[in-house]
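An overview of the molecular structure
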Amino acid sequence: MKENLFDLTGKVALVTGASRGIGESIARLLAAYGAEVIVSSRKIDGCEEVAASIRAQGGKAHAFACHVGEMAQIDATFEYIKSTFGKLDILVNNAAANPYFGHILDTDLAAYEKTVDVNVRGYFFMSIAAGKMMKELGSGVILNTASVNGLSPGDMQGIYSITKAAVISMTKAFAKECGSLNIRVNALLPGLTDTKFASALTSNENILKHALKVIPLGRVADPDEMAGTVLYLVSDASSYTTGTTVVVDGGMMA
Ligand SMILES: NC(=O)c1ccc[n+]([C@@H]2O[C@H](COP(=O)([O-])OP(=O)(O)OC[C@H]3O[C@@H](n4cnc5c(N)ncnc54)[C@H](OP(=O)(O)O)[C@@H]3O)[C@@H](O)[C@H]2O)c1
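These lines cover the structure that appears in this document, whether it is placed above or below. No experiment lies behind these values; they were computed from the predicted model shown.

Another aspect to go through is the packing of helix α4 (residues 109-137) against helix α5 (residues 158-178). At their nearest, the axes of α4 and α5 sit 9 Å apart, and the two run at 15° to each other. Classified by the interaxial angle, the pair formed by α4 and α5 is roughly parallel. Considering how the two elements wind past one another, α4 and α5 form a crossing that is right-handed. Seen from α4, the contacting residues are Tyr112, Thr115, Val116, Asn119, Val120, Tyr123, Phe124, Ser127 and Ile128; seen from α5, they are Ile159, Tyr160, Thr163, Lys164, Ala166, Val167, Met170 and Phe174. For the contact of α4 with α5, the class distribution of residues is twelve nonpolar, four polar and one charged.

With their axes 10 Å apart at the nearest point, helix α1 (residues 21-32) and helix α2 (residues 44-56) run at an angle of 25° to one another. Judged by the inter-axis angle, α1 sits roughly parallel to α2. You can see that α1 and α2 cross each other, and the crossing is right-handed. Residue-level contacts link Glu24, Ala27, Arg28 and Ala31 of α1 to Val50, Ser53 and Ile54 of α2. Of the residues belonging to the contact of α1 with α2, the class tally is four nonpolar, one polar and two charged.

Next up on the list: unusual backbone geometry. Across residues other than glycine, the phi torsion is negative in most instances, and most of the peptide bonds are trans. With a phi close to 65°, Met156 is a non-glycine residue in the positive phi region. Tracing the backbone through its elements, the reader meets Met156 in the loop between β5 (140-145) and α5. Here Met156 falls in the partly exposed class, since its relative accessible area comes to 38%. The phi angle at Asn182 is positive, at roughly 65°, despite the residue not being glycine. Position of Asn182 relative to the elements: it lies in the loop between α5 and β6 (183-190). Taking relative accessible area as the criterion, Asn182 reaches 44% and is therefore assigned partly exposed.

Let us now look at the packing of aromatic side chains. With the rule as written, the count across this model stands at five aromatic pairs. Ring centres of Phe124 and Phe174 lie 5.6 Å apart, and the angle between their planes is 75°; on these two criteria the pair is classed as edge-to-face. Taken as a pair, Phe124 in helix α4 and Phe174 in helix α5 lie far apart in primary sequence, 50 residues in all. Look at Tyr160 and Phe197: their rings are 5.7 Å apart centre to centre, the planes differ by 55°, and that puts the pair in the tilted class. Taken as a pair, Tyr160 in helix α5 and Phe197 in the loop between β6 and α6 (199-202) lie far apart in primary sequence, 37 residues in all. Since its relative accessible area comes to 6%, Tyr160 is described here as buried. Through pairs of rings, three or more aromatic residues link up here, namely Phe64, Tyr80 and Phe85.

Rules used in this analysis
Residues numbered from 1 in each chain as written. Predicted model: local features only at pLDDT ≥ 70, side-chain atom pairs only at ≥ 80, totals over all residues. Heavy atoms only, no water. Axes fitted to C-alpha atoms, helices over the stretch in contact; angles between N-to-C directions. Helix = DSSP H or I, 4+ residues; strand = E, 2+ residues; numbered from the N terminus. Parallel < 35°, antiparallel > 145°, perpendicular 65-115°, else oblique. Left-handed = near helix turned anticlockwise from the far one by under 90°. Contact = heavy atoms within 4.5 Å. Nonpolar A, V, L, I, M, F, W, Y, C, P; charged D, E, K, R; others polar. Buried < 20%, exposed > 50% of the residue type's maximum accessible area, 1.4 Å probe, protein only. Phe/Tyr/Trp six-rings, centres within 6.5 Å; stacked < 30°, edge-to-face > 60°.

This is how it looks when you write it as structure tokens:
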């Protein structure tokens, strides 16, 4: 048996939405376990800051800007990965959009399109591009950040929740068709986590009070509390796990 099941030395990992929040925590932990991490989001400055700080701590990290709702930027990202690293071992699809908070009947086309383009089309074509490289390599792991909202839609978060349900289905579809290629695909389903993304919920005293009542651990998660599950799912510790979802929600769904 391998001595350290979590060791990622020699692995190249792309983490989207890694300039802050859950993605940043994931990028830092994967680098701490030996992966060479590509820190990606729309704005290069935030990515460079995170990558520089990982390098300062002795890790290997690079920054590359990619808006996952833009097909040309997805293509450019994989061109960069091919020419710079020649392979991709790990893809973490984590960047997501949630531009609309309100009644589902008031959802407009622009909010619908932005949410679907980033959360569904982005994850889908990133997975295809990564999957093709992993097929050539003979192995690979894809981790999708979905949400507990994909299991039970969040109030006033209709279209966002619908895209997260699609990510759960996407995880299973890719896992089924890519298992024979030695590519594993799993999903992390975070509950309420203290990031900019969730600030509309966490900064509203009434909403927060209501949310905490249904979280057995009685608190919002720190983004670092999501990264351990991701490390498990992208490492050899989970070598027989694919097509599954892991809920990390302080017990809320229970
Ligand atoms: N926080 C929660 O309570 C919670 C709960 C369940 C699920 N999640 C999921 O967790 C994931 C991360 O969310 P978070 O809470 O960590 O959010 P966050 O702190 O707001 O970070 C979002 C990250 O995504 C990047 N990003 C946003 N839109 C992008 C796009 N179109 N293309 C590429 N990068 C983009 C942002 O950087 P730029 O601005 O530079 O692009 C940033 O790095 C998302 O999939 C979210 O749905 C979060």
